[in-house]
Amino acid sequence: MTPTHRRDVLRTGAGIVAGGALAAGCGTGHAARPPASAAPMPSSAEPPAGPRAYPGRPAQITHGPRTRPQVALTFHGQGDPALARALLDTAEQRGARLTVLAVGAWLDQHPDLARRILDGGHDLGNHTQRHIGVNTLPEAEARREITDCAARLKRLTGSIGTWFRPSRAPAASPLVARLARAAGYPHVLSYDVDSLDYTRPGAAAVTREVLAGVRNGSVVSLHFGYPDTVAALPDVLTELGRRGLRAVTTTELLS
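Residues numbered from 1 in each chain as written. Predicted model: local features only at pLDDT ≥ 70, side-chain atom pairs only at ≥ 80, totals over all residues. Heavy atoms only, no water.

**Here we look at the environment of Ile 117**
- Locating Ile 117 in the fold gives a position in helix 4 (residues 112-119).
- When the C-alpha atoms of Ile 117 and Arg 97 are compared, they prove to be 9.8 Å apart, with 20 residues separating the residues in sequence.
- The residues contacting Ile 117, other than those within four sequence positions of it, are Leu 88, Val 100, His 122, Asp 123 and Leu 124. (Helix = DSSP H or I, 4+ residues; strand = E, 2+ residues; numbered from the N terminus. Contact = heavy atoms within 4.5 Å.)

**Focus: the nonpolar core**
- Ranked by size, the top nonpolar core spans 58 residues in total, and within it Leu 73, Trp 106, Leu 124, Tyr 185, Phe 224 and Leu 240 carry the most contacts.
- Excluding residues that lie within four positions of it along the chain, Trp 106 makes contacts with Gly 77, Gln 78, Gly 79, Ala 84, Leu 113 and Phe 224. (Core = buried A, V, L, I, M, F, W, Y, C linked by side-chain atoms within 4.5 Å. Buried < 20%, exposed > 50% of the residue type's maximum accessible area, 1.4 Å probe, protein only.)

**Structural notes on helix 5 (residues 139-157)**
- Here helix 5 spans 27 Å end to end across 19 residues, near enough to the 27 Å set by a 1.5 Å rise per residue.
- Looking at the buried residues of helix 5, the elements they touch are strand 3 (99-102), helix 3 (104-109), helix 4, strand 4 (123-126) and helix 6 (174-183).
- Residue Gly 158 follows helix 5 closely and has a positive phi angle near 90 degrees. (Expected span 1.5 Å × (residues − 1).)

**Here's the deal with the side chain of Arg 130**
- With respect to the helices, strands and loops of the structure, Arg 130 is situated in the loop between strand 4 and helix 5.
- Accessibility expressed as a relative area gives 16% for Arg 130, which makes it buried.
- Polar side-chain contacts of Arg 130 include one of 2.7 Å to the side chain of Glu 141. (Polar contact = N/O pair within 3.5 Å; in protein donor to acceptor, adjacent residues only side chain to side chain.)

**Quick notes on the pattern of salt bridges**
- What the rule picks out here adds up to 13 salt bridges.
- Put simply, Asp 192 and Arg 66 hold a salt bridge, and the shortest N to O gap is 3.0 Å. Taken as a pair, Asp 192 in the loop between strand 5 (188-189) and strand 6 (193-194) and Arg 66 in the loop between strand 1 (60-61) and strand 2 (70-77) lie far apart in primary sequence, 126 residues in all.
- Of the residues examined, Arg 66 reaches a relative accessible area of 26% and is grouped as partly exposed.
- Of the charged contacts, one joins Arg 130 and Glu 145 as a salt bridge, the two residues approaching to 2.5 Å between their closest N and O atoms. Of the two residues, Arg 130 is situated in the loop between strand 4 and helix 5 and Glu 145 in helix 5; the sequence distance between them amounts to 15 residues.
- Assessed through its relative accessible area of 2%, Glu 145 is described here as buried.
- Counted as one network, the salt bridges with shared partners bring together Asp 89, Glu 92 and Arg 116. (Salt bridge = Lys/Arg side-chain N within 4 Å of Asp/Glu carboxyl O.)

**Comments concerning the confidence of the model for the chain**
- Averaged over every residue, the pLDDT of the chain is 87; the share at 70 or more is 82%.
- Here residues 1-24 is a poorly scored stretch, pLDDT under 50, and it has 41 contacts once near neighbours within four places are set aside; other chains count.
- The low-confidence segment residues 27-44, where pLDDT is below 50, has 43 contacts with residues more than four positions distant or belonging to other chains. (pLDDT = per-residue confidence, 0-100.)

In structure tokens form, the structure reads like this:
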């Protein structure tokens with residue numbers, strides 16, 4: 001990335017307040033529960049596809065086929081909306097499509113981002129309502145974390161989303177996996193490459209971490225809400241292209 005390009009990317013996310021506003025990763029902070037103020041999807045909008053079962057795939061998916069030069073860049077969806085828009089814009093300018101697992105409380109605060117994600121051709125899914133440790137919760141509370149977020153997605157888009165990913169854990173407990181299936185998600189979406197961007201290691205380190213582990217079929221864990229991730233994405237996409245790997249939605253990866 002040239003110095004000018006890097007400045008342009010970072011300028012998009014200017015004005016970010018350090019600390020709580022950036023605590024969007026699965027390793028830091030808890031999201032507050034705001035009021036459910038999201039507006040419903042306009043009746044003229046076509047509902048997106050919902051979850052689907054992939055016969056032969058495990059209940060918890062960590063990667064796609066290793067035989068095709070495709071990868072899925074998946075983002076835990078919360079944090080500053082300016083950074084989210086910057087990531088989406090960068091991906092679309094380079095022909096990449098992402099998978100966003102959105103936190104319900106974040107959608108309550110920024111309901112327009114649900115349609116923004118879908119209108120860009122990206123996957124949108126469920127990352128629980130409050131982004132707390134869902135695997136550690138009693139059954140009734142864990143169920144609410146999943147179904148409350150699903151309800152937000154349904155009201156905003158007409159669908160509960162294509163995927164479910166547990167919060168604060170790379171994989172779902174047996175209980176949470178069962179609750180997700182009952183809520184309408186046949187699979188839990190995990191990953192095989194962790195960018196560690198939520199540790200704020202710097203853009204170069206995020207890029208190195210992704211590229212060190214990615215290969216055909218990889219599902220990469222990244223986050224909205226971190227300037228390092230915004231700055232790293234152009235270099236990640238450039239190197240993926242050099243290796244002949246295409247960034248697609250998880251739905252396309254598994255189709």
